[in-house]
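Fold and geometry: a report
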Amino acid sequence: MSTSNERAELRRGWAGDAGLALEVAKHVDASGLSPERQSRFLLDVARAHAQRRHVGEATAALMEAETLAPEQIHDHHLAREVIRDLIQLSDPRVPESLRNLAERSAVI
């Protein structure tokens, strides 16, 4: 997915319906983007998963994003917000990988 119409559809998906956003994201090849943009894309995917209460999938997307551009996840206010939301959703059994990410991002 690389045309401007496809990117606009993706943005509409993020803004309204997490399920639609996740469906559209399945068809996106972000490999041609810079690591920072790939990381931001994965942050958006994580946000959509969090809205659907998919803690494992959201955490996996954040972990992959962190691998590509750690500062994008550690320092970005939206990433920290998603991490906080995921911790609340999974409390009292917060996955170790999420807890460690929260510590690296100074969320907890």
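Relevant structure appears above.
What this report covers is the structure whose coordinates are included nearby.

**Observations regarding the overall build of the chain**
The number of helices and strands found in the chain is 7 helices and 0 strands. The secondary structure elements of the chain, listed N-terminal to C-terminal, are α-α-α-α-α-α-α. Taken across its 108 residues, the chain has 44% of its residues classed as buried. Long-range pairs, those at least 24 residues apart, make up 56% of the contacts in the chain between residues at least 6 apart in sequence. Of the roughly 6300 Å² of accessible surface on the chain, a fraction of 46% belongs to carbon and sulfur atoms.

**Remarks on the nonpolar core**
One finds Leu-62, Ile-73, Ile-83 and Leu-86 to be the most contacted residues of the largest nonpolar core, which totals 30 residues. Broken down by secondary-structure element, the contributors of at least two residues to this core are helix 2 (18–25), helix 3 (35–51), helix 4 (55–68), helix 6 (77–90) and helix 7 (96–104). In terms of residue count, helix 3 provides more of this core than any other element does, 7 residues in total. Apart from the residues within four sequence positions on either side, Leu-62 is in contact with Leu-43, Ala-46, Ile-73, Val-82, Ile-83, Leu-86 and Leu-101.

**A look at the packing of helix 2 against helix 3**
The contact between helix 2 and helix 3 brings their axes to 8 Å, and the two run at 140°. Classified by the angle their axes make, helix 2 and helix 3 are oblique. Considering the relative orientation of helix 2 and helix 3, their crossing is left-handed. Within the contact between the two elements, helix 2 uses Ala-18, Ala-21, Leu-22 and Ala-25 and helix 3 uses Phe-41, Val-45, Ala-48, His-49 and Gln-51.

**Details of the pattern of salt bridges**
A pair can form between side chains of opposite charge whenever their charged atoms are brought close. Considering all chains together, one arrives at 4 salt bridges under this definition. Overlapping salt bridges, with partners in common, bring together Arg-40, Asp-44 and Arg-47 in one network.

**Focus on unusual backbone geometry**
The step from Asp-91 to Pro-92 runs through a cis peptide bond, and the omega angle for that step is 10°. Within the secondary structure layout, Pro-92 lies in the loop between helix 6 and helix 7. For Arg-53, which is not glycine, the phi dihedral falls at a positive 65°. Following the sequence through the fold, Arg-53 ends up in the loop between helix 3 and helix 4. Even without being a glycine, Ala-106 presents a positive backbone phi close to 60°. Mapping Ala-106 onto the fold places it in the segment after helix 7. You can call Ala-106 exposed: its relative accessible area is 56%.

Conventions and cut-offs
Residues numbered from 1 in each chain as written. Predicted model: local features only at pLDDT ≥ 70, side-chain atom pairs only at ≥ 80, totals over all residues. Heavy atoms only, no water. Helix = DSSP H or I, 4+ residues; strand = E, 2+ residues; numbered from the N terminus. Buried < 20%, exposed > 50% of the residue type's maximum accessible area, 1.4 Å probe, protein only. Contact = heavy atoms within 4.5 Å. Areas by Shrake-Rupley, 256 points an atom, 1.4 Å probe, with all protein chains shown as cover. Core = buried A, V, L, I, M, F, W, Y, C linked by side-chain atoms within 4.5 Å. Axes fitted to C-alpha atoms, helices over the stretch in contact; angles between N-to-C directions. Parallel < 35°, antiparallel > 145°, perpendicular 65-115°, else oblique. Left-handed = near helix turned anticlockwise from the far one by under 90°. Salt bridge = Lys/Arg side-chain N within 4 Å of Asp/Glu carboxyl O.

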